[in-house]
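If you want the building blocks of each chain, they are given just below.
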Amino acid sequence: MTTNAIRNQSISTPLGTAYSRAVDELMKAVSCPRCECEVYAVGISLEYFVGSIFLALADIEKGTRKPDYTHLAMKQLERKEKIVEINNDKLNQLLQYFYDNGGPIIELPVDEQKVARIAPRYNTLVNDFLHRMTVLVNESCAGTIKADQMETEVGANILEMYTAMKALYREYELRNAFDELIRIRVDD
C-alpha cells in the first residue's frame, strides 16, 4: 500500500477523527529522508504523532488510565524536544560550514535516484507501523492492554522501524541520525 493509499483509506478506531487526523498529519510530514536533518524531522513527526495518540486516548478515558496516557503523551513531547535540539545543532553546523566555505551549494547525501529506489520500502515501513498502531489503539480502547503495555509495544515498533529505515541507507550521516533516534528512545 502506498503512502497515498493509507492516507485515503478510512481508518476506524474508537478515537474517530482524532486518529485519522493524526495519521494524515504524520503522512504529510514523513517522507523518505535525503539528509540527516530530514531523518530528525521524521523522528520529530513520529513523536508528535504518538503523543497525540496518547492524548486522544487520555481524552476518552474516564478512570485511572487517563493520567497514565497523559503522562505518556508528555514523555513523547520530551523526546520530541531532545530531537529538535539535536536537529537545531546539526542545522547550525551546516550553516557554519556554509559561511566558513564561502556559501557553496551543499549537496544532499542521498540523490533523487536513490530516493526513488528506496522510497517504496520506506513507505512500506511507515505503513506497517501505522497498521500496528491502529491495532494497538483498538486494543487499548477495548481495554485489552494497559497503558504501560501500550508504551512498550509502541516503543518496540518504533525501534524496529528506525532500525529497518537505517538499513536502507549506506550514508554515514543518515545512519548516524537513525542511531541518535534509537538512542533517545532506548535511553528513556
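Located above this text is the structure these notes cover.
This is a predicted model, so every value here is computed, not measured.

**Considerations on the environment of Lys90**
Logical step 1: Turning to its location among the elements, Lys90 is positioned in helix α4 (residues 65-100).
Logical step 2: Sequence separation between Lys90 and Glu36 is 54 residues; the distance between their C-alpha atoms is 8.2 Å.
Logical step 3: Those residues in contact with Lys90 that lie beyond four places of it in its chain are Glu36, Cys37, Tyr40 and Asn176.

**Things to note about the nonpolar core**
Logical step 1: Counting 51 residues, the largest nonpolar core has Phe49, Phe54, Phe129 and Met150 as the members making the most contacts within it.
Logical step 2: Put simply, the parts of the chain that give this core at least two residues each are α2 (17-29), α3 (36-60), α4, α5 (112-142), α6 (147-167) and α7 (172-187).
Logical step 3: Setting aside residues up to four positions removed in sequence, Met150 forms contacts with Phe54, Leu57, Tyr69, Leu136, Val137, Ser140 and Ile145.

**A closer look at the environment of Lys28**
Logical step 1: The residue Lys28 is located in helix α2 in this model.
Logical step 2: C-alpha of Lys28 to C-alpha of Ser45: the two residues are 17 residues apart in sequence and 9.6 Å apart in space.

**Re the packing of aromatic side chains**
Logical step 1: Scanning all chains against the criterion turns up five aromatic pairs.
Logical step 2: Between Phe98 and Tyr99, the aromatic rings sit 5.6 Å apart at their centres with planes inclined by 70°, giving edge-to-face as the arrangement.
Logical step 3: Here Phe98 falls in the partly exposed class, since its relative accessible area comes to 30%.
Logical step 4: Put simply, the rings of Tyr162, Tyr169 and Phe178 pair up and form one aromatic cluster.

**Here's the deal with the layout of surface pockets**
Logical step 1: Roughly 290 Å³ of volume is contained in the largest pocket.
Logical step 2: Looking at the largest pocket, it is lined by 13 residues, and the ones nearest its centre are Cys35, Glu36, Leu94, Pro109 and Glu173.
Logical step 3: Contributing elements (two or more residues each) for the lining of the largest pocket: α3, α4 and α7.
Logical step 4: In this structure, the second largest pocket spans a volume of roughly 160 Å³.
Logical step 5: Contributing to the lining of the second largest pocket are Ala18, Tyr19, Arg21, Ala22, Glu25, Tyr48, Ser52, Ile53, Leu55, Ala56 and Asp59.
Logical step 6: Looking at the lining of the second largest pocket, the elements with two or more residues in it are α2 and α3.
Logical step 7: The element contributing the most residues to the lining of the second largest pocket is α3, with six residues.
Logical step 8: Here the residues of the lining of the second largest pocket are counted per class, giving seven nonpolar, one polar and three charged.

**With respect to empty space enclosed by the protein**
Logical step 1: A full pass over the atoms with the stated rule returns one cavity of 30 Å³ or more.
Logical step 2: Its volume calculated, the largest cavity comes out at about 40 Å³.
Logical step 3: Lining the largest cavity are Leu26, Val30, Val42, Leu46, Val126, Phe129, Met161 and Met165.
Logical step 4: Counting residues per element, the ones that place at least two in the lining of the largest cavity are α3, α5 and α6.

Calculation criteria
- Residues numbered from 1 in each chain as written.
- Predicted model: local features only at pLDDT ≥ 70, side-chain atom pairs only at ≥ 80, totals over all residues.
- Heavy atoms only, no water.
- Helix = DSSP H or I, 4+ residues; strand = E, 2+ residues; numbered from the N terminus.
- Contact = heavy atoms within 4.5 Å.
- Core = buried A, V, L, I, M, F, W, Y, C linked by side-chain atoms within 4.5 Å.
- Buried < 20%, exposed > 50% of the residue type's maximum accessible area, 1.4 Å probe, protein only.
- Phe/Tyr/Trp six-rings, centres within 6.5 Å; stacked < 30°, edge-to-face > 60°.
- 1 Å grid on protein atoms, 1.4 Å probe; cavity = no way out; pocket = protein on both sides within 12 Å on 5 of 7 lines; lining within 4 Å.
- Points joined across faces, edges and corners; volume = space filled by probe spheres on them.
- Nonpolar A, V, L, I, M, F, W, Y, C, P; charged D, E, K, R; others polar.

Geometric descriptors of this kind do not, in isolation, establish any biological role.
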